[in-house]
Amino acid sequence: MPDLPELPDLPETSLDPDDWTAVRAAGHAALDEMLDWLMTLRDRPAWQPMPEAAFAEFQRPVPRGPEGLDQAVRDFRRAVLPYPIGNVHPRFWGWVMGSGTPGGLVAQVLAAGMNVNAWGGQHAAPYVEVQVLDWCKQLLGFPAEASGILVSGGSIANLVGLQVGRDAMTNGLAGTDGLKALPGDLVIYASTETHNSVERAARTLGLGTAGLHQIPVNDRLEIDLDALSQAIAADRAAGRQPFCVVGNAGTVNTGATDDLAALADFCAREQLWFHVDGAFGALAAISPALAPLVRGMERADSVAFDLHKWLYMPYNVGCTLVRDPAHHRRAFSPGAASYLSALERGAAAGPHNQSHLGPELSREFRALPVWMSLKEHGVDRYVRQIEQNVAQARALGAMVQREPELELLAPVALNVVCFRYRGRGADLDRANAINREILMRVQERGVAVPSSTVLRGVFAIRVANTNHRSRREDFAALVAAVLEEGRRLTAPA
Ligand SMILES: *Cc1c(COP(=O)(O)O)cnc(C)c1O
């Protein structure tokens, strides 16, 4: 072994400031600046492109010497803050994104101040998380003894649920001996409308994309139960091992919800793990009016959902709930890691070790903003905001249907609206190109940010409304801009 290299003998130092007053001033100014920024969202475009000068900022080499906190804040203010994707803006309805709250910002400041590692041990953070999970169980109708974990979002929440299901349905073998020990290939079933995070989870879990069989949908874009049953019978006959069905509570494309009660019955009968991807749609359960749409979800073996989408929590926080805690624990058992052992007393004691229920060891304190926001507003207020989003989506759907130049492309099942500009007798390719151009122009003008999808070959302008800041007039502004650009693009030359 070579000799240890010599190191210079310097006086000790730390990264804490010599002058706390300066950092204190910068901290107060930063919080004030962001609160002002949130107060004035409507004065700015929903999105704006980044100029060349902004890109240059991101080519600079790593600083060797100190530039100072104030300079770093100035860089942020110049190169970063003016160019958000826009999800906090009142006219942003792209993909499915959360809009956050000012109270959530304050809670994040407090969580950042503590800067605690919420993995486990004896301290307050795991208790906060377990209480948030208890609240989630109550809200979604899951049994009190169910298990759960907060994760970064719906993608990882799906991965966790599917890993627990994979190991549960192979009696732990997939987790210990690997897939090669199994008598046949494991298969997950989900509709063609299912979010791609399920396919990515299948890859991560070693099943490959071939381990996900996509089942056709009916005209309401819900999974076709007969096709599901036939696919599973055929795979069993071919020696494969069906083990899991994923039901959708609110598909990403159109907000459609599979018949979850029928899927729960089917999975019980066929002895399959029933996982629900309810990234946003699961939250319909907290509204008495909307809850019937997701009936059956409470019978799932695992459910994945986001709190940063339809519960308006700041990024990022999603959740997996697992009905059987023993299955959950087995899938993420820490093994024989002596450095993680609990002791009888002291910091390493404590009943809650959340890092043993998911893939992450070090974890941010993402439960705190959820815990504080639920206290700040109360659940009833969230119910009202969710119902408001659905009512707004229905109103937008009606606006589209009243305009002969526009076409609604899917039923408004929840809070998602897919539509297009018809274009005068244009063929499909031309109509798709026109709508793609309309969408880009509406975004570039800063009017609004819907996103897009393709439904049965038709390019759709897609509005997913999980935005508590939107008002009816915002949707009217979108319709007006789409009509204007559509007419401009199809005007005879
Ligand atoms: C957003 C979404 C996901 C993924 O969630 P992330 O929080 O973005 O990781 C999964 N499924 C559906 C239906 C979604 O809408």
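Sequence order sets the numbering: in each chain, residues are counted from 1 along the sequence as written. A pLDDT threshold of at least 70 governs which residues receive local features in this predicted model, and a stricter bar of 80 or more applies before side-chain atom pairs are shown or counted, although totals over entire chains, interfaces and linings include all residues. Only hydrogens and water are set aside when side-chain values are computed; all heavy atoms of the structure are taken into account.

Thoughts on the overall build of the chain
Then, in step 1: Only DSSP runs of H or I with at least four residues qualify as helices, and only runs of E with at least two residues qualify as strands; both kinds are numbered from the N terminus onward. Counting secondary structure elements, the chain contains 15 helices and 12 strands.
Then, in step 2: Here the C-alpha atoms of the chain give a radius of gyration of 25 Å, agreeing with the 23 Å that 2.2 N^0.38 yields for 493 residues.
Then, in step 3: Along the first, second and third principal axes, the C-alpha atoms of the chain reach 80 × 60 × 50 Å.
Then, in step 4: To sort residues, take the accessible area from a 1.4 Å probe on protein chains only and compare it with the maximum for the residue type: under 20% means buried, over 50% means exposed, and anything in between is partly exposed. For the chain, the residues scored as buried account for 49% of the 493 residues in total.
Then, in step 5: Contacts between residues were defined by any pair of non-hydrogen atoms, one from each residue, lying within 4.5 Å. For the chain, restricting intrachain contacts to residue pairs at least 6 apart in sequence, the fraction spanning at least 24 positions comes to 73%.
Then, in step 6: With the model as given, the accessible surface of the chain reaches about 23,900 Å², and the carbon-plus-sulfur share is 54%.
Then, in step 7: The charge count includes Lys and Arg as positive and Asp and Glu as negative, but it does not include His or the ends of the chains. Here the site of a charge means NZ on Lys, CZ on Arg, CG on Asp, or CD on Glu. Charged side chains of the chain number 46 positive and 55 negative; the gap between the two group centres comes to 6 Å. Our radius of gyration is a C-alpha quantity, and the globule rule it is checked against amounts to 2.2 Å times the number of residues to the power 0.38. The accessible surface values rely on the Shrake-Rupley method and a 1.4 Å probe; as for residues, cover is taken only from the protein chains in view.

What to know about the environment of Asn316
Then, in step 1: Here Asn316 is to be found in the loop between β7 (302–306) and β8 (318–322).
Then, in step 2: Given a relative accessible area of 27%, Asn316 falls into the partly exposed group.
Then, in step 3: For the pair Asn316 and Arg64, spaced 252 residues apart in sequence, the C-alpha separation works out to 32 Å.
Then, in step 4: Residues within four places of Asn316 in sequence aside, it is in contact with Val151, Ser152, His308, Glu364 and Arg366.

Here we look at the nonpolar core
Then, in step 1: As used here, the term nonpolar core means buried Ala, Val, Leu, Ile, Met, Phe, Trp, Tyr and Cys residues forming a set that is joined through side-chain atoms within 4.5 Å. Residues Leu228, Val245, Met297, Phe305, Leu307 and Leu321 are the most contacted members of the largest nonpolar core, which totals 70 residues.
Then, in step 2: The leading source of residues in this core is helix α5 (residues 124–140), at six residues.

Things to note about the sheet that holds strand β5 (residues 241–248)
Then, in step 1: Two strands pair under a simple rule: DSSP has to find at least two bridges between them. Pairing in this open sheet of seven strands is mixed, and the strands run β2-β8-β7-β6-β5-β3-β4 from one edge to the other. Two strands in the sheet have a free side with no partner beyond their single neighbour: β2 (147–151) and β4 (212–215). Recorded for the sheet is a direction-independent mean angle of 20° between the axes of neighbouring strands.
Then, in step 2: Bridge count between β2 and β8: five bridges; the pairing is antiparallel. When the sheet's bridge partners are listed, Ser147 is paired in β8 with Val322.
Then, in step 3: To obtain an axis, a line is fitted to C-alpha atoms, over the contacting stretch when the element is a helix, and the angle between two such axes runs from 0 to 180 degrees between their N-to-C directions. Packing against the sheet, α5 makes contact with β2, β7 and β8, and its axis sits at approximately 110° to β2.

Examining the environment of Cys244
Then, in step 1: With respect to the helices and strands, the residue Cys244 is situated in strand β5.
Then, in step 2: For Cys244, a relative accessible area of 0% puts it in the buried group.
Then, in step 3: Here the alpha-carbon distance between Cys244 and Leu162, two residues 82 residues apart in the chain, equals 7.9 Å.

Looking at the environment of Asp226
Then, in step 1: As for its placement among the helices and strands, Asp226 is situated in helix α9 (residues 225–237).
Then, in step 2: For Asp226, a relative accessible area of 57% gives the class exposed.

Remarks on the site of the ligand
Then, in step 1: Neighbouring residues are identified by heavy atoms, a residue being near a molecule or strand if any of them is within 4 Å of it. Taken together, 15 residues sit near the ligand, with Gly154, Ser155, Asp277, Asp306 and Lys309 positioned nearest.
Then, in step 2: Within the side chain of Lys309, an N or O atom sits 3.0 Å from an oxygen atom of the ligand.
Then, in step 3: Protein coverage of the free-state accessible area of the ligand, which is 380 Å², stands at 85%.
Then, in step 4: When residues in the shell around the ligand are grouped by element, the largest group, three residues, is from helix α6 (residues 154–169).
Then, in step 5: Residues are grouped as follows: nonpolar covers Ala, Val, Leu, Ile, Met, Phe, Trp, Tyr, Cys and Pro; charged covers Asp, Glu, Lys and Arg; every other residue, Gly included, is treated as polar. Looking at the shell around the ligand, its residues break down into four nonpolar, eight polar and three charged. Pairing of N or O atoms within 3.5 Å defines a polar contact, subject to two protein rules: one partner must be a possible hydrogen donor and the other a possible acceptor, and residues neighboring in sequence count only if both atoms are side-chain atoms.

Considerations on the pairing of β2
Then, in step 1: Of all five residues in β2, five are buried, a share of seventy percent or more.
Then, in step 2: The alternating pattern of β2 places Ser147, Ile149 and Val151 and Gly148 and Leu150 on opposite faces, both of which are buried.

Side note on the packing of helix α14 (residues 428–444) against helix α15 (residues 472–490)
Then, in step 1: Contact geometry for α14 and α15: axes closest at 9 Å, N-to-C directions at 130°. With respect to each other, α14 and α15 are oriented oblique. Crossing angle aside, the handedness with which α14 passes α15 is right-handed. Between α14 and α15, the contacting residues are Arg430, Ile434, Glu437, Ile438, Arg441 and Val442 on the first element and Leu478, Ala481, Val482, Glu485, Gly486, Arg488, Leu489 and Thr490 on the second.
Then, in step 2: Looking at the contact of α14 with α15, its residues break down into seven nonpolar, two polar and five charged. Convention used here: angles under 35 degrees read as roughly parallel, angles over 145 as roughly antiparallel, angles from 65 to 115 as roughly perpendicular, and any remaining angle as oblique. Take the far helix as the reference: if the near one is turned anticlockwise from it by less than a right angle, the crossing is left-handed, and if turned clockwise, right-handed.

Digging into a nonpolar patch on the surface
Then, in step 1: Here the term patch refers to residues with relative accessible area over 30% and no salt bridge, with like charges joined within 9 Å and nonpolar side chains (Val, Leu, Ile, Met, Phe, Trp, Tyr) within 5 Å. Salt bridge, as used here: a side-chain nitrogen of Lys or Arg that lies within 4 Å of a carboxyl oxygen of Asp or Glu. A cluster of nonpolar side chains, namely Leu31, Val106, Val109 and Leu110, defines an oily patch on the protein surface of about 280 Å² accessible area.
Then, in step 2: Counting residues per element, the nonpolar patch draws most heavily on helix α4 (residues 102–114), which supplies three residues.
Then, in step 3: Counting through the fold element by element, Val109 comes out in helix α4.

Re the packing of helix α12 (residues 367–377) against helix α13 (residues 379–402)
Then, in step 1: In contact at an axis separation of 6 Å, α12 and α13 are set at 85° when each is read in the N-to-C sense. Classified by the interaxial angle, the pair formed by α12 and α13 is roughly perpendicular. Together, Ser373, Leu374 and His377 of α12 and Val379, Arg381 and Tyr382 of α13 make up the contact between the two elements.
Then, in step 2: Among the residues forming the contact of α12 with α13, the class breakdown is three nonpolar, two polar and one charged.

Re the side chain of Asn87
Then, in step 1: Position of Asn87 among the secondary structure elements: in the loop between α3 (69–80) and β1 (92–93).
Then, in step 2: Discounting chain neighbours no more than four positions away, the residues touching Asn87 are Phe92, Met97, Gly98, Ser99, Tyr315 and Asn467.

A word on α14
Then, in step 1: Helix span, expected: 1.5 Å multiplied by one less than the number of residues in the helix. The terminal C-alpha atoms of α14 lie 24 Å apart, and with 17 residues this matches the ideal 24 Å at 1.5 Å per residue to within 8%.
Then, in step 2: Where α14 is concerned, the buried positions are Ala431, Asn432, Ile434, Asn435, Ile438, Leu439, Val442 and Gln443. Relative to the axis of α14, the buried residues are bounded by an arc of 165° and lie together on one face. For α14, the exposed residues lying more than 90 degrees away from the buried face are Asp429 and Glu444.
Then, in step 3: Following α14 by one or two positions, Gly446 adopts a phi angle in the positive range, close to 80°. It is the directions from the helix axis to the C-beta atoms whose arc is reported.

Considering the packing of aromatic side chains
Then, in step 1: Stacked, edge-to-face and tilted labels apply to pairs of Phe, Tyr and Trp rings (six-membered ring for Trp) whose centres lie within 6.5 Å, assigned for plane angles under 30 degrees, over 60, and everything in between, in that order. With the rule as written, the count across this model stands at four aromatic pairs.
Then, in step 2: Pairing Tyr312 with Tyr382 gives two aromatic rings, centres 6.3 Å apart and planes at 20°, and the pair type is stacked. Separated by 70 residues along the polypeptide, Tyr312 in the loop between β7 and β8 and Tyr382 in helix α13 bring together distant segments of the chain. For the residue pair Tyr312 and Tyr382, the accessibility class agrees, reading buried in each case.
Then, in step 3: The criterion is that NZ of a Lys, or CZ of an Arg, lies within 6 Å of the ring centre and within 35 degrees of the ring normal, and then a charge sits over that ring. Lying across the ring of Phe142, Arg323 places its NZ or CZ 5.0 Å from the centre.
Then, in step 4: Directly above the ring of Trp371 sits Lys375, whose terminal nitrogen or CZ lies 4.0 Å from the centroid.

From the geometry alone we can't say anything about function, so treat these as descriptive.
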